[in-house]
Amino acid sequence: MTRGRGIRRSAALAVALGLGLSGSLVAGPAGAEEKEGPTVRWGACPEDVAAEAAPVVLECGTVPVPKDYADPGGDRIELMISRLASTNPDKRRGTLMLNPGGPGGSGLSQPAFLANRGIPSEVLDTYDVIGMDTRGIGRSAPVACGFTPEGPYFANIPPYAVDDAAVTARAKVVKEVAEQCARRDKDGVLRHLTTANTARDLDRIRAALGEERTSFLGYSYGTALGAAYASMFPGRSDRIVLDSNIGDTHLDRDGMRRYALGVEQTFPDFARWAAARHDSYGLGRTPAEVRRTYFSLAERLDEKPVDGFDGNVLRQLTFGYLFKEVQYAKLAQHWQALKSGDTASVRAADTGGRAADTPPSLDNQLSVFLAVSCNDIAWPTSLDTYRKGVAEDRARYPMFGAATANIMPCAFWPYPPAEEPVAIDDEGPRNILLVQNLRDVPTPYVGGKLLRQKFADRSRLVSVDDSGHGVYVYGDNPCALNTTTRYLVDGKMPGKDTFCRAG
């Protein structure tokens, strides 16, 4: 593998995560619970999950669910879940289910991740915190289309299309990708990976845990899942926190194109950071100069790649490293090496790519992202639609728009959606707290506003003057932390939308 391939692998890892069924399904609780369902038998977690969770000790168990909810008496799949149990019975309220996003993110170790990161102990007293691998992921009937970083499909964000011909060329690639996924769907699980079915799974898990209601904390794509659950099962939803919102119950083409808006809104933070450190990295003395460096470097790499590293990989890598400020130095290091044109420097910057082989989970993550996104809603099938969108977004969002508007395998997906996307229910209890940074790459601020509008008086929006993906516990804003903790622990929903200043 060339070093360019190694860096390309780094880019794939950076952006792997973050988003027809037979019969006719209804977007509601029908068939979601049996009178006498299974209970969870807790035991030790798999060794790798336990190692990732350390020093926190988690318990793991499985819950059987229908593979196809249109055939509830048919084949079953096993979902693996984890638990960090409350040790304070006087304060315990119930369960808090988690989802880390994706779709395609493994969540078995997430309770321990949040605990190790410093989630307030009051939250851990109030709930048994439940992590899980949702259907298709990890240890829950995993699917795999056979993707590798060396192949033409190595990230869930399409490559930047420099012109119409690039869109046409990409169409041939993604058509084969869709056919490849269908060929490998031997056990028929892939076609049943939808947000609605995963929400039904959550309700099966709730029942297996013996709870009348469940609380939920979801990040990124997890906000779509949480919004779907709160809409399908409003009476069984307790306290719902949706952090870094997509804006609906599914990811569609409009949602994917908003990634480019997020890049435009977030990049100035990196540009200011890099300009203040020009003497160290040499990327520009002003934010405007740093932005010009991005375009000139990308165009130069398009024309003459450095050791296999082309302009598309630079754009993909920049997208992934803008997720958090802690990654800015690494991004600047990559830019600096590429700007110099020194292959040795490029290799030195590629420590992440050379440190380890690609984890087997990458194929699984990419496959689940595709399956859920393509199964949830019908995507445009006309190549002209994508050419037009790429041209529009190349002008509207010049940094990344010609990537996120590019054609996806969903245009050729062999399984038409078995049901309409879950409709937002705005008539349930007022129990949905939306938390959103003003600047966020994959889930820009407009996603929070969209869900606030759709849930209406069921929700309140906490807007945070910060940059990055993930707010509660993942970020460091005291107002957002305190507001969310008060709601989870005491049920104190803000009386009105809240603005949290930078802090």
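Because the structure is a prediction, the values reported are computed rather than measured. (Residues numbered from 1 in each chain as written. Predicted model: local features only at pLDDT ≥ 70, side-chain atom pairs only at ≥ 80, totals over all residues. Heavy atoms only, no water.)

Structural notes on the overall build of the protein
- If you tally the helices and strands in the protein, you get 19 helices and ten strands.
- The buried share of the protein, taken over its 503 residues, is 58%. (Helix = DSSP H or I, 4+ residues; strand = E, 2+ residues; numbered from the N terminus. Buried < 20%, exposed > 50% of the residue type's maximum accessible area, 1.4 Å probe, protein only.)

Here's the deal with helix H11 (residues 311–321)
- With eleven of its eleven residues buried, H11 lies for the most part within the structure.
- Residues Gly311, Asn312, Val313, Leu314, Arg315, Gln316, Leu317, Thr318, Phe319, Gly320 and Tyr321 constitute the buried set of H11.
- For H11, the capping residue at the N-terminal end is aspartate 310, with a side-chain oxygen 3.2 Å from the backbone nitrogen of asparagine 312. (Polar contact = N/O pair within 3.5 Å; in protein donor to acceptor, adjacent residues only side chain to side chain.)

Focus on the packing of H11 against helix H12 (residues 328–340)
- As a packed pair, H11 and H12 sit with axes 9 Å apart at the nearest point and diverge in direction by 160 degrees. Considering their axes alone, H11 and H12 lie roughly antiparallel with respect to each other. Helix-helix and strand crossings are classified by hand; for H11 and H12 the assignment is left-handed. Here H11 contributes Leu314, Leu317, Thr318 and Tyr321 to the contact with H12, which in turn contributes Tyr328, Lys330, Leu331, His334, Trp335 and Leu338. (Axes fitted to C-alpha atoms, helices over the stretch in contact; angles between N-to-C directions. Parallel < 35°, antiparallel > 145°, perpendicular 65-115°, else oblique. Left-handed = near helix turned anticlockwise from the far one by under 90°. Contact = heavy atoms within 4.5 Å.)

Some details on the pairing of strand S3 (residues 76–84)
- Of all nine residues in S3, seven are buried; the element is thus mostly enclosed.
- Here eight bridges tie strand S2 (residues 59–66) to S3, and the two strands are oriented antiparallel to one another. In the sheet register, glutamate 59 faces S3, and the bridge partner there is arginine 83.
- Sheet topology places S3 next to strand S5 (residues 127–132); four bridges connect them, and they run antiparallel. Looking at S5, one finds that arginine 83 is bridged to isoleucine 130. (Pairing = 2+ DSSP bridges.)

Examining helix H3 (residues 110–117)
- Along H3, the residues classified as buried are Gln110, Pro111, Ala112 and Leu114.
- Turning to H3, the residues buried within the fold contact helix H2 (47–53), S3, strand S4 (94–99), S5 and strand S6 (214–219).
- Looking one or two places after H3, you find glycine 118, whose phi comes out positive at around 105 degrees.

Examining the state of the cysteines
- Scanning all chains against the criterion turns up four disulfides.
- For cysteine 45, the disulfide goes to cysteine 60, at an S-S distance of 2.0 Å. Its S-S torsion of approximately 90 degrees makes the covalent link between cysteine 45 and cysteine 60 right-handed. Of this pair, cysteine 45 sits in the loop between strand S1 (43–44) and H2 while cysteine 60 sits in strand S2; the two residues are 15 residues apart in sequence, bridging distant segments of the chain.
- Note on cysteine 45: relative accessible area 11%, which makes it buried.
- Each sulfur in the disulfide pair cysteine 374 and cysteine 410 lies 2.0 Å from the other. Residues cysteine 374 and cysteine 410 share a disulfide whose torsion about the S-S bond is about -80 degrees; that sign makes it left-handed. Residue cysteine 374 is found in helix H15 (residues 361–376), and its partner cysteine 410 is found in the loop between helix H17 (401–404) and strand S8 (432–439); the two are separated by 36 residues along the sequence.
- Sequential numbering of the bridged cysteines in the protein gives the disulfide pattern 1-2, 3-4, 5-6, 7-8. (Disulfide = S-S within 2.5 Å.)

Observations regarding the packing of aromatic side chains
- For the coordinates displayed, the defined rule picks out 18 aromatic pairs.
- Taking 5.4 Å as the distance between ring centres and 40 degrees as the angle between the ring planes, the aromatic pair formed by phenylalanine 113 and tyrosine 474 counts as tilted. Residue phenylalanine 113 is located in helix H3, and its partner tyrosine 474 is located in the loop between strand S9 (459–467) and helix H19 (478–490); the two are separated by 361 residues in the primary sequence.
- Relative to tryptophan 335, the ring of tyrosine 294 lies with its centre 5.8 Å away and its plane at 35 degrees, an arrangement referred to as tilted. Residue tyrosine 294 is located in helix H10 (residues 287–303), and its partner tryptophan 335 is located in helix H12; the two are separated by 41 residues in the primary sequence. (Phe/Tyr/Trp six-rings, centres within 6.5 Å; stacked < 30°, edge-to-face > 60°.)

Some points on the packing of helix H8 (residues 253–275) against H10
- Between H8 and H10, whose axes approach to 8 Å, the crossing angle comes to 110 degrees. Put simply, H8 runs roughly perpendicular to H10. As H8 runs across H10, the sense of the crossing is right-handed. Across the interface between the two elements, Glu264, Phe267, Phe270, Ala271, Arg272, Ala274 and Ala275 from H8 touch Pro287, Val290, Arg291 and Tyr294 from H10.
- Considered class by class, the residues forming the contact of H8 with H10 number eight nonpolar, no polar and three charged. (Nonpolar A, V, L, I, M, F, W, Y, C, P; charged D, E, K, R; others polar.)

As for the pairing of S5
- With respect to burial, S5 is a largely interior element, six of its six residues being buried.
- Residue alternation in S5 divides its side chains into two sets, Tyr127, Val129 and Gly131 and Asp128, Ile130 and Met132, and both sets are buried.
- The pairing of S4 with S5 spans four bridges and is classified as parallel. Paired with glycine 94 across the bridge in S5 is tyrosine 127.

A short note on the pattern of salt bridges
- Inspection of the entire model under this criterion finds 28 salt bridges.
- Notably, a salt bridge pairs arginine 236 with aspartate 203, separated by 2.4 Å at the nearest N-O pair. A residue pair is termed long-range when its members are at least 10 positions apart, and arginine 236 in the loop between helix H7 (221–232) and strand S7 (237–243) and aspartate 203 in helix H6 (residues 195–208) qualify at 33 residues.
- For arginine 236, a relative accessible area of 24% puts it in the partly exposed group.
- Residue classification places aspartate 203 among the buried positions, given a relative accessible area of 0%.
- With a closest N to O distance of 3.2 Å, glutamate 392 and arginine 257 form a salt bridge. (Salt bridge = Lys/Arg side-chain N within 4 Å of Asp/Glu carboxyl O.)

Remember that the coordinates give geometry; whether it matters functionally is a separate question.
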